[in-house]
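This is what each chain is made of:
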Amino acid sequence: MNKLIMLAIIGLLTGCATRGDPRLSGTFISDKAATVAYLESTGYYKPESLELLRPMFGKLEITYNGLLTTSSMDGRTNTGEFIIVDSGPTYVTIKSEMGYKELIGETIIFTNRLEFTDDGYWVMDADRSHPFKEKFIRK
């Protein structure tokens, strides 16, 4: 009987882990205006650096479905898995891979903290050691 209860608990925990976070369900797109305004407000970035970064924002679209993400930008699409490292009432921390060995020679692992807002989220490095963050709004 104890083994049956233990198996049931493991099954429930495994089922919860495969669903992802319901706050992420759906499609989000980079918010260029909010991101650039934030980066300008930090005083960390030189105007020349911001001019190089500005054209990249507002293009990335990310769809979350369970523990899968599909990212699209400039006609390129990438689908991959992520894991939830930590979560709280206003945030979730996820770990995901980006890049293929065939394309760039390596796979890069990212750990990002997503801080939820009424209309989407801000994404930043999990350790928040750098003043970069990008705004995404629900599509």
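Above this text you will find the structure in question.
Residues numbered from 1 in each chain as written. Predicted model: local features only at pLDDT ≥ 70, side-chain atom pairs only at ≥ 80, totals over all residues. Heavy atoms only, no water.

Asks: Break down the pairing of strand S1 (residues 26-30) for me, citing the residues and quoting the values.
Replies: In the case of a regular strand, side chains alternate between the two sheet surfaces. Where S1 meets strand S2 (residues 61-65), four bridges bridge the pair, whose relative direction is antiparallel. Note that in S2 the partner of Phe28 across the bridge is Ile62. With three bridges joining them, S1 and strand S8 (residues 133-138) adopt antiparallel strand pairing. In the strand pairing of S8, Phe28 is matched with Arg138. (Pairing = 2+ DSSP bridges. Helix = DSSP H or I, 4+ residues; strand = E, 2+ residues; numbered from the N terminus.)

Asks: Lay out the nonpolar core with the relevant residues and their values.
Replies: Generally speaking, nonpolar side chains in soluble globular proteins are found buried as a group. With 13 residues, the main nonpolar core has Leu24, Tyr64, Leu114 and Tyr121 as its most contacted residues. The set of elements that each furnish at least two residues to this core consists of S2, strand S5 (91-98), strand S6 (108-116) and strand S7 (120-125). Other than its neighbours up to four places away in sequence, Leu114 contacts Leu24, Tyr64, Thr90, Tyr91, Val92, Ile94, Tyr121, Trp122 and Val123. Counting residues in each nonpolar core, the second largest holds five residues, with Val36, Leu39, Leu50 and Phe57 among its members. (Core = buried A, V, L, I, M, F, W, Y, C linked by side-chain atoms within 4.5 Å. Buried < 20%, exposed > 50% of the residue type's maximum accessible area, 1.4 Å probe, protein only. Contact = heavy atoms within 4.5 Å.)

Asks: Break down the side chain of Thr93 for me, with residues and values.
Replies: Along the chain, Thr93 falls in strand S5. Other than its neighbours up to four places away in sequence, Thr93 contacts Ile83, Ile84, Val85, Asp86, Thr111, Asn112, Arg113 and Ala126.

Asks: Please give an account of the pairing of S8 that cites residues and values.
Replies: In the sheet, S7 pairs with S8 via five bridges, with the strands oriented antiparallel. By the bridge assignment for S8, Trp122 is matched with Lys135.

Asks: Give me the lowdown on helix H2 (residues 32-42), citing residues and values where you can.
Replies: Buried within H2 are the following residues: Thr35, Val36 and Leu39. Angular distribution of buried residues about the axis of H2 spans 95°; they occupy a single face of the element. Exposed side chains of H2 directed beyond 90 degrees from the buried face belong to Ala33 and Ser41. Residues of H2 that are buried sit in contact with helix H3 (47-53), S7 and S8. Downstream of H2 by a residue or two, Gly43 has a phi angle that is positive, lying close to 75°. (Arc of directions from axis to C-beta.)

Asks: Outline the packing of aromatic side chains, supporting the account with residue identities and numerical values.
Replies: Working definition: an aromatic ring pair is given by the centre-to-centre distance plus the angle between the planes. Across all of its chains, the model carries eight aromatic pairs by this definition. Taking 5.9 Å as the distance between ring centres and 75° as the angle between the ring planes, the aromatic pair formed by Phe28 and Tyr64 counts as edge-to-face. Note that Phe28 is positioned in strand S1 and Tyr64 in strand S2, a separation of 36 residues in sequence. On the basis of relative accessible area, Phe28 is assigned to the buried category, the value being 1%. (Phe/Tyr/Trp six-rings, centres within 6.5 Å; stacked < 30°, edge-to-face > 60°.)

Asks: How would you summarise unusual backbone geometry if you had to cite specific residues and measurements?
Replies: Backbone geometry places Asp74, a non-glycine residue, at a positive phi of 50°. If you check the backbone angles, Arg128 has positive phi at about 50° while not being a glycine. Along the chain, Arg128 turns up in the loop between S7 and S8.

Asks: A description of the side chain of Ser96 should follow, citing residues and the corresponding values.
Replies: One can find Ser96 in strand S5. Owing to a relative accessible area of 17%, Ser96 belongs among the buried residues under this scheme. Sequence-distant contacts of Ser96, defined by excluding residues within four places in its chain, comprise Glu81, Phe82, Ile108, Ile109 and Phe110.

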